[in-house]
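Remarks on the overall topology
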Amino acid sequence: MFNNPKGLESFLEVLPSKGRFRFFLFFLLLSFTFWTSTKLSNTYIVEESFSIIWTNIPNGIIPSSENQQMNVSISASGIEILIYRLINKSINISLSQADFSREKGLIDLRGQEFFIQNQFFENTKLNILNPLFLEFKFSRLEEKVFTVVPQIEINLRAGYLIDSSLKVTPDSILVRGPKSILDTLNSIQSESIIADDLYENFRKKVSLRSIPEIQLSESKVTVEVAVSRYTEKEFLLNVEVINLPLGTRVKLFPPKAKVRVTLPLSVLRTIKASDFNLVVDYNNIFKDAEKKLDLIMIRRPSSVKKVILEPKKVNYLIRK
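Criteria and thresholds
- Residue positions within a chain follow its written sequence, with the count starting from 1.
- Given that the model is predicted, a residue must reach a pLDDT of at least 70 before its local features are reported, and side-chain atom pairs must reach 80 or more before they are shown or counted; all residues, however, enter totals for whole chains, interfaces and linings.
- To obtain the side-chain values, all non-hydrogen atoms of the structure were included, while hydrogens and water were left out.
- Strand pairing requires that DSSP identify at least two bridges connecting the strands.
- Secondary structure follows DSSP: runs of H or I at least 4 residues long count as helices, runs of E at least 2 residues long count as strands, and numbering of each begins at the N terminus.
- The axes used here are C-alpha line fits, helices contributing only the stretch in contact, and every angle between their N-to-C directions lies in the interval 0 to 180 degrees.
- Each Phe, Tyr or Trp ring (for Trp, its six-membered ring) is paired with any other whose centre lies within 6.5 Å, and the angle between the two planes then decides the class: stacked below 30 degrees, edge-to-face above 60, tilted in between.
- Whether a residue is buried, partly exposed or exposed follows from its accessible area with a 1.4 Å probe, protein chains only, as a fraction of its type maximum: under 20%, in between, or over 50%, in that order.
- Criterion for a charge above a ring: Arg CZ or Lys NZ at most 6 Å from the ring centre, at most 35 degrees from the ring normal.
- By definition, no residue in a patch forms a salt bridge, and every one has over 30% relative accessible area; like charges are joined within 9 Å, nonpolar side chains (Val, Leu, Ile, Met, Phe, Trp, Tyr) within 5 Å.
- In short, Shrake-Rupley with a 1.4 Å probe defines the accessible areas, and a residue's cover is counted only from the protein chains shown.
- Salt bridges are defined as contacts in which a side-chain nitrogen from Lys or Arg sits within 4 Å of a carboxyl oxygen from Asp or Glu.
- Buried Ala, Val, Leu, Ile, Met, Phe, Trp, Tyr and Cys residues that are joined via side-chain atoms within 4.5 Å together make up what is termed a nonpolar core.
- The contact criterion used is simple: two residues touch if any of their non-hydrogen atoms lie within 4.5 Å.
- This arc is taken over the directions from the axis of the helix to the C-beta atoms.

**Observations regarding the sheet that holds strand β16 (residues 202–207)**
On the basis of which strands lie adjacent, the open sheet formed by three strands has the order β12-β18-β16 and antiparallel pairing. Of all strands in the sheet, those bounded by a partner on one side alone are β12 (167–169) and β16. On average, each strand axis in the sheet is inclined to that of its neighbour by 25 degrees, with strand direction left out of account. The sheet contact formed by β12 and strand β18 (residues 220–225) spans three bridges and is antiparallel. The residue bridging Lys167 from the neighbouring strand is Glu224, located in β18.

**Focus on the packing of aromatic side chains**
Following the criterion strictly, the structure yields 10 aromatic pairs and no others. For the pair Phe50 and Tyr84, a centre-to-centre distance of 6.1 Å together with 70 degrees between the ring planes defines the contact as edge-to-face. Here the residue Phe50 occupies a position in strand β1 (residues 43–55), and Tyr84 occupies one in helix α3 (residues 78–86), the gap between them amounting to 34 residues. Like Tyr84, Phe50 is buried. Grouped by ring-pair contacts, the aromatic residues Phe50, Tyr84, Phe120 and Phe121 constitute a single cluster. Sitting over the face of the ring of Tyr199, Arg157 holds its NZ or CZ atom 4.0 Å from the ring centroid.

**Quick word on the sheet that holds strand β26 (residues 313–319)**
Taken together, three strands build an open sheet; the order of strands is β20-β26-β23 and the sheet is antiparallel. Among the strands making up the open sheet, the edge pair consists of β20 (249–253) and β23 (292–294). Here the strands of the sheet are splayed against their neighbours by 45 degrees on average, with no regard to which way each runs. Of the pairings in the sheet, the one linking β20 to β26 comprises five bridges and is antiparallel in character. Note that in β26 the partner of Val250 across the bridge is Ile318.

**What about a nonpolar patch on the surface?**
On the surface, Ile79, Leu82, Leu86 and Ile87 cluster together to form a nonpolar patch covering roughly 400 Å² of accessible area. Relative to the helices and strands, Leu82 is located in helix α3.

**Brief notes about the nonpolar core**
Counting residues in each nonpolar core, the largest one holds 25 residues, and the members touching the most others are Val72, Ile74, Ile93, Phe120 and Phe136. Those elements that provide at least two residues to this core are β1, β3 (69–77), α3, β4 (90–94), β6 (125–130) and β7 (133–136). Sequence-distant contacts of Phe136, that is, excluding residues within four places in its chain, are made with Trp54, Gln68, Leu95, Ala98, Phe100, Lys104, Gly105, Leu106 and Ile107.

**Observations concerning unusual backbone geometry**
The residue after Phe253, namely Pro254, is reached through a cis peptide bond having omega -5 degrees. Mapping Pro254 onto the fold places it in the loop between β20 and β21 (256–264). In this chain, Glu310 is followed by Pro311 through a cis amide linkage whose omega measures 5 degrees. Residue position: Pro311 is located in the loop between β25 (306–310) and β26. The residue Asn56 is not glycine, and still its phi comes out positive at about 50 degrees.

**Points about α3**
For α3, the set of buried residues is Gly78, Glu80, Ile81 and Tyr84. Each buried residue of α3 sits inside an arc of 160 degrees when the element is viewed along its axis, so together they form one side.

**A look at the pattern of salt bridges**
A side chain of one charge can pair with a side chain of the opposite charge if their charged atoms are brought near each other. In total, this model carries eight salt bridges according to the counting rule given. Where Glu48 meets Arg85, a salt bridge forms, and the shortest distance between an N and an O atom there is 2.6 Å. Residue Glu48 is located in strand β1, and its partner Arg85 is located in helix α3; the two are separated by 37 residues in the primary sequence. Here Glu48 falls in the buried class, since its relative accessible area comes to 8%. Among the ionic pairs, Asp294 bridges to Lys313, the shortest N-O distance being 2.5 Å. Taken together, the residues span a long stretch of sequence, with Asp294 in strand β23 and Lys313 in strand β26 at a distance of 19 residues.

Structure below.
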């Protein structure tokens with residue numbers, strides 16, 4: 001481009017040196033900083049748009065979930081306005097005094113000027129609300145009682161069993177919501193929890209799963225599980241015959257059966273063979289093609305968890 005070496009040298013001489021160029025950039029940055037600081041510290045009157053967040057919603061009312069905006073005229077510094085536009089982009093509006101007597105809800109914002117003013121920075125001044133009366137869509141809720149179903153995974157330590165059914169308090173709650181949603185529900189579920197290596201009684205408050213547009217009368221329930229150490233015990237029981245006609249005798253082979261039961265260690269010494277009643281039903285003779293009768297346990301202690309019979313069927317001989 002520069003065929004003349006002297007011309008190239010002359011062009012380079014007119015360019016600032018590195019030191020001068022850095023000083024120029026520093027001066028430019030400093031000037032911009034002062035200018036920005038001045039602009040952001042000045043007070044401006046602007047109209048800003050804010051998203052509405054409904055608060056103090058009366059029971060039985062669900063405002064529409066669609067995003068609703070309101071305009072507010074404020075006097076604020078440049079930095080405050082910048083924060084409102086980038087971060088604080090919403091305003092809380094209370095529905096405690098709203099009118100729900102018509103198809104759309106109506107709220108008079110003039111009564112909430114102090115409440116709105118307190119949501120701004122201290123130096124921000126609220127000038128004008130637009131609109132002064134705000135309409136919004138809403139739906140009324142229906143009520144229905146649903147059973148609470150806990151989502152719990154129980155992993156017991158070896159040798160331990162659950163004593164009784166899982167207990168949930170409260171076991172049912174009142175649910176409010178649109179009929180279209182309530183009709184799709186069968187129960188209310190809790191958040192998932194895990195009780196691992198359980199060897200003692202378990203009790204815990206568990207949050208209920210939230211459902212959009214649904215209000216629950218309770219946010220948490222208490223889940224309880226009674227756990228005990230269990231062991232096994234074996235009995236040799238006589239087998240009785242029930243529904244036996246008069247004048248008829250039935251001989252069983254074998255006449256006794258071995259019964260192995262699982263029961264809490266705490267009641268092991270109190271359980272006796274007489275607490276059980278093992279029978280066969282004479283009426284089943286004519287139904288059993290294999291000519292064997294099923295053993296039936298018609299009485300056992302409530303604390304017994306599991307019963308294993310050996311054998312499960314017996315042969316018989318009828319004598320009249």
